[in-house]
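Chain by chain, the residues run as shown.
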Amino acid sequence: SFWVLAFFVALASGCDRAPSVDTAGSTTDSLLAERVDVASHVGQSFEAFVASPGMDRFSLDKLDLAAGEKSRLTQAMAVSKPSRLIRGGGAAALVFTGCAQAGCDAGAAVIAIGGEGETFVGVRDAAGASEFIPDDRMEALLRLNSPTRRWDDPEGAEPPTAPQTP
């Protein structure tokens with residue numbers, strides 16, 4: 001049939017092309033390079049988390065965000081809560097949430113970081129709900145732990161616990 005022939009021609013024409021290689025590495029690749037002990041950062045602010053050794057790779061300046069996205073995220077995270085740990089399906093994530101100065105109805109932000117460095121960043125504000133850095137696994141975990149099953153409402157997370165002292 002014509003469509004079968006067209007499929008094989010298209011397949012064969014792509015075989016002589018070398019895959020493109022990003023020599024600088026993508027943000028996702030560099031974030032996944034190192035595991036994150038998410039449980040050890042429970043109860044921290046996002047600022048304290050990114051100031052921790054090795055965690056600066058998650059700072060807003062190092063995440064792959066456009067200027068407008070970074071601005072919306074900063075505004076929607078103006079009043080932030082300490083991080084929480086959520087779990088489900090064998091995964092765990094450290095979740096940072098915040099609201100705009102005018103309240104959560106004006107804007108809310110979620111940053112979720114998994115133990116493998118997976119990162120989800122989303123904002124809900126007057127411009128709508130936007131996933132700036134989507135991650136299917138982190139989004140599913142946020143939805144699973146949300147009483148409303150929405151990523152932008154992850155309040156089903158465990159409450160912060162006091163850090164363990166040796």
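S.K.: Give a description of the packing of aromatic side chains that names residues and reports values.
M.R.: All told, the structure shown has 5 aromatic pairs when counted by the stated rule. Relative to Phe58, the ring of Phe49 has its centre 5.8 Å away and its plane inclined at 35°; by these criteria the two rings are tilted. Note on Phe49: relative accessible area 0%, which makes it buried. Measuring from ring centre to ring centre gives 5.2 Å for Phe49 and Phe96, while their planes differ by 45°; the resulting arrangement is tilted. You can see Phe49 sitting in helix H3 (residues 46-51) and its partner Phe96 sitting in strand S3 (residues 91-100), a full 47 residues away along the chain. Each member of the pair, Phe49 as well as Phe96, carries the same accessibility label: buried. By way of ring pairs, the aromatic residues Phe46, Phe49, Phe58 and Phe96 are connected into one cluster.

How each quantity is defined
Residues numbered from 1 in each chain as written. Predicted model: local features only at pLDDT ≥ 70, side-chain atom pairs only at ≥ 80, totals over all residues. Heavy atoms only, no water. Phe/Tyr/Trp six-rings, centres within 6.5 Å; stacked < 30°, edge-to-face > 60°. Buried < 20%, exposed > 50% of the residue type's maximum accessible area, 1.4 Å probe, protein only. Helix = DSSP H or I, 4+ residues; strand = E, 2+ residues; numbered from the N terminus.

The values reported here are purely geometric and, on their own, carry no functional implication.
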